[in-house]
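Close look at the chain arrangement
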Amino acid sequence: QVQLVESGGGLVQAGGSLRLSCVASGSAFSINYMAWYRLAPGKQRELVAGVASTDTTDYADSVKGRFTISRDSAKNTMLLQMNSLKPEDTGVYYCYTVIKRDYTGRTYQYWGQGTQVTVSS
């Protein structure tokens, strides 16, 4: 089993910044992909940003130029630096990962519990 622990959410005024962190813990695995998804009120969950083991990144159009995703493979940690926050960035942000088991090579998906981000106007 792999556990994902998120931190860094909170309340911020429009134009402000927050940094989200997600740490994956467990044993005998490597990370293929990590991403942040968000669930906003009245909307479907959407991909915000993702980073692959190759360090290739992808972003939702709505956050390009404002958010930066990064990872520390040695610490199984993913960060999301969110700048110039807007009220429409409000939502619950979920950490997501695809891991590969060392012994079997099989892949598995895991989700974190979510962290609330609220941007006031």
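Above: the structure in question.
One structure accompanies this document, and this report is about it. (Residues numbered from 1 in each chain as written. Predicted model: local features only at pLDDT ≥ 70, side-chain atom pairs only at ≥ 80, totals over all residues. Heavy atoms only, no water.)

1. A look at the pairing of strand 8 (residues 77-82)
Heads up, the condition is: Whether two strands pair comes down to DSSP finding at least two bridges between them. The numbering of helices and of strands both runs from the N terminus, where a helix is a DSSP run of H or I of at least 4 residues and a strand a run of E of at least 2.
Pairing geometry for strand 3 (residues 18-25) and strand 8, over six bridges, is antiparallel. Bridging from a neighbouring strand, Cys 22 pairs with Met 78 of strand 8. Inspection of the sheet shows strand 7 (residues 67-72) paired to strand 8 by six bridges, in the antiparallel sense. Counted as the bridge partner of Ile 69 is Leu 80 from strand 8. Hairpin geometry of strand 7 and strand 8 is characterised by an intervening segment of four residues between the two adjacent antiparallel strands and by a positive phi of about 50° at Asn 76.

2. Regarding the pattern of salt bridges
In plain terms, the rule: Salt bridges are identified by distance alone: a Lys or Arg side-chain nitrogen within 4 Å of an Asp or Glu carboxyl oxygen. Only protein chains enter the accessibility calculation, which uses a 1.4 Å probe; a residue is then buried when its area is under 20% of its type maximum, exposed when over 50%, and partly exposed in between.
This model, assessed by the stated rule, comprises five salt bridges. Arg 71 serves as the salt-bridge partner of Asp 55, at 2.8 Å between the closest nitrogen and oxygen. Placement of the pair is Asp 55 in the loop between strand 5 (46-52) and strand 6 (57-59) and Arg 71 in strand 7, with a sequence separation of 16 residues. Its relative accessible area of 48% is what places Asp 55 among the partly exposed residues. A salt bridge links Asp 61 to Lys 64, with the nearest nitrogen and oxygen atoms 3.1 Å apart. When its relative accessible area of 64% is taken as the criterion, Asp 61 is described as exposed. Salt bridges linked by common partners bring Arg 38, Glu 46, Arg 66 and Asp 89 together as one network.

3. Describing the nonpolar core
Basically, it comes down to this: Within this scheme, the nonpolar core is defined by two criteria: the residues are buried Ala, Val, Leu, Ile, Met, Phe, Trp, Tyr or Cys, and they are joined through side-chain atoms within 4.5 Å.
Core analysis: the biggest nonpolar cluster contains 28 residues, and Trp 36, Val 48, Phe 67, Met 78, Leu 80, Met 82 and Tyr 93 have the highest contact counts within it. Elements with a minimum of two residues in this core: strand 3, strand 4 (29-39), strand 5, strand 7, strand 8, strand 9 (91-101) and strand 11 (115-120).

4. Examining the sheet that holds strand 8
Note: strands within a sheet are paired through backbone hydrogen bonds, in either parallel or antiparallel orientation. Selection criterion: Axis definition: a line fitted to C-alpha atoms, limited for helices to the stretch in contact. Angles are taken between N-to-C directions and run from 0 to 180 degrees.
With antiparallel pairing, four strands are arranged side by side in an open sheet as 1-3-8-7. In this open sheet, the two strands that pair with only one neighbour each are strand 1 (3-7) and strand 7. Strand-to-strand twist of the sheet, defined as the mean angle between neighbouring strand axes without regard to direction, takes the value 15°. Both strand 1 and strand 3 contribute to a ladder of five bridges, which runs antiparallel. Among the inter-strand pairings, Gln 3 is bridged to a residue of strand 3, identified as Ser 25.

5. Structural notes on the packing of aromatic side chains
To describe a pair of aromatic rings, you give the distance between the ring centres and the angle between the ring planes. The condition is simple: Whether two aromatic rings pair depends on their centres lying within 6.5 Å, for rings of Phe, Tyr and Trp, where Trp uses its six-membered ring; planes under 30 degrees apart make the pair stacked, over 60 edge-to-face, and the rest tilted.
Under the defined criterion, the tally for this structure stands at four aromatic pairs. Judged by centre distance (4.7 Å) and plane angle (50°), the rings of Tyr 96 and Trp 111 are tilted. Here Tyr 96 is found in strand 9, whereas its partner Trp 111 is found in strand 10 (residues 107-111), with 15 residues between them in sequence. Classification of Trp 111 as partly exposed rests on a relative accessible area of 36%.

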